[in-house]
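# Results of the structural survey
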Amino acid sequence: MPPVFRFAPSPNGYLHLGHAYSALLNFDLALRTGGRFLLRIEDIDLARCRPEFEAATYQDLAWLGIAWEQPVRRQSEHLSEYRDAVERLTAEGLVYPSFESRAEIAQLVTRREADAASTPWPRDPDGAPLYPGAAKLLGASERARLLEQGAPYALRLDMAAACARAGDLTWTEHGAGPDGRSGVVAARPQAWGDVVLARKETPTSYHLSVVIDDALQGVTEVVRGQDLFWSTSVHRLLQALLGLPEPTYRHHRLMLDGAGQKLSKSTAATGLRELRAAGSSPADIRRLVGLP
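Basis of the calculations
Residues numbered from 1 in each chain as written. Predicted model: local features only at pLDDT ≥ 70, side-chain atom pairs only at ≥ 80, totals over all residues. Heavy atoms only, no water. Helix = DSSP H or I, 4+ residues; strand = E, 2+ residues; numbered from the N terminus. Rg over C-alpha atoms; globule rule 2.2 N^0.38 Å. Buried < 20%, exposed > 50% of the residue type's maximum accessible area, 1.4 Å probe, protein only. Contact = heavy atoms within 4.5 Å. Areas by Shrake-Rupley, 256 points an atom, 1.4 Å probe, with all protein chains shown as cover. Lys, Arg positive; Asp, Glu negative; His and termini not counted. Charge placed at Lys NZ, Arg CZ, Asp CG, Glu CD. Expected span 1.5 Å × (residues − 1). Arc of directions from axis to C-beta. Pairing = 2+ DSSP bridges. Right-handed = clockwise from strand over helix to strand, strands pointing away. 1 Å grid on protein atoms, 1.4 Å probe; cavity = no way out; pocket = protein on both sides within 12 Å on 5 of 7 lines; lining within 4 Å. Points joined across faces, edges and corners; volume = space filled by probe spheres on them. Nonpolar A, V, L, I, M, F, W, Y, C, P; charged D, E, K, R; others polar.

### What about the overall build of the protein chain?
Counting its secondary structure elements, the protein chain contains 10 helices and 10 strands. Radius of gyration (C-alpha) of the protein chain: 20 Å, near the 19 Å computed for a compact globule of 292 residues. Each of the three principal axes of the protein chain carries a C-alpha extent, and together these read 60 × 45 × 40 Å. Here the protein chain, with 292 residues, has 46% of them falling under the buried criterion. Long-range contacts, defined here as pairs at least 24 residues apart, represent 78% of the contacts in the protein chain between residues at least 6 apart. With the model as given, the accessible surface of the protein chain reaches about 13900 Å², and the carbon-plus-sulfur share is 54%. Of note, the protein chain has its 33 positive side-chain charges centred 2 Å away from the centre of its 35 negative side-chain charges.

### Details of helix α7 (residues 206-216)
Here α7 lies mainly inside the structure; eight of its 11 residues are buried. Every buried residue of α7 is listed here: His207, Leu208, Ser209, Val210, Val211, Ile212, Asp213 and Asp214. Gly218, located one to two residues past α7, shows a positive phi value of around 70°.

### Some points on helix α2 (residues 51-63)
Helix length check: α2 (13 residues) gives 19 Å between terminal C-alpha atoms against 18 Å at 1.5 Å per residue, within 8%. Looking at α2, one finds that the buried residues are Phe53, Glu54, Ala56, Thr57, Asp60 and Leu61. Down the axis of α2, the smallest arc covering the buried residues is 160°, so these residues share one side. Looking at the buried residues of α2, the elements they touch are β1 (4-7), α1 (17-33), β2 (36-41), β3 (73-74) and α9 (272-277).

### Describing the pairing of strand β10 (residues 248-252)
Here strand β9 (residues 221-225) pairs with β10 via five bridges, running parallel. Note that in β10 the partner of Val222 across the bridge is Tyr249. Remark: the β9/helix α8 (residues 231-242)/β10 crossover connection has right-handed handedness.

### Some points on the layout of surface pockets
The calculated volume of the second largest pocket comes to roughly 230 Å³. Considering the residues around the second largest pocket, the lining is formed by 14 residues, among which Val86, Glu87, Thr90, Tyr153 and Leu155 are closest to the centre. Residue assignment for the lining of the second largest pocket shows that the elements contributing at least two residues are α3 (79-91), β4 (95-98) and β8 (196-199). Of all the elements, α3 adds the most residues to the lining of the second largest pocket, at four residues. Among the residues making up the lining of the second largest pocket, the classes are represented as nine nonpolar, one polar and four charged.

Treat this as a map of the structure, not an account of what it does.
Written as structure tokens, this is what we have:
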């Protein structure tokens, strides 16, 4: 079977040079290997994703000379599939609801650090504090009471139980992590703590959706930025728990701004629309991102 690549942007802003690099790299690899190239729209954040950004994504990619298979998978049209996965993990005792707001979690972290004599509370690879609450210890009747009252909640993966169920995991890395790591990489999902898989208002999360989508679309090669390198640990865990196939991974360098920071959709100077309006050609974009 031919390899299957994908580019999966979120339509919460206009594409910039970083997106162009990832999309072109995936497309070039698909052409070079006789593979397939898929486009997926990751639009589960209904508050930030907008139709005009999605339309602009199609326009920018076509202008770059990228062609993709139809139909395009839009995550917002498949929420029931993600909900089914959460219900399966819940039935297996691997998911629990937490009821603290983001502000309350931040306050809990502050108190935990104060109690620990200024020892920093553990952070995940992205720098966010691990979940500090005790919702996992709530009794069934108390959980039922809060849910019946309509309290907001997040559904979290019981990381300790999940890791015990899955055992040791690895992935095959054909690119490199931020520290240059490649080859067979040991997954460390426990570094993320009890990650959120869904919320009351959104029946999924990035981590859950991406592994389900990759499996259902038959993606065999995940090519994406190094900022997602350690997220692969969570993805490998979910793949193991849900019995999903394991793709190979190739994490690529990030496009940085003059200050050495990852490009943002708010940075118009590197936006493809702005560069095109200023007279840049698709060949110019390739040169700017370091592709032949």
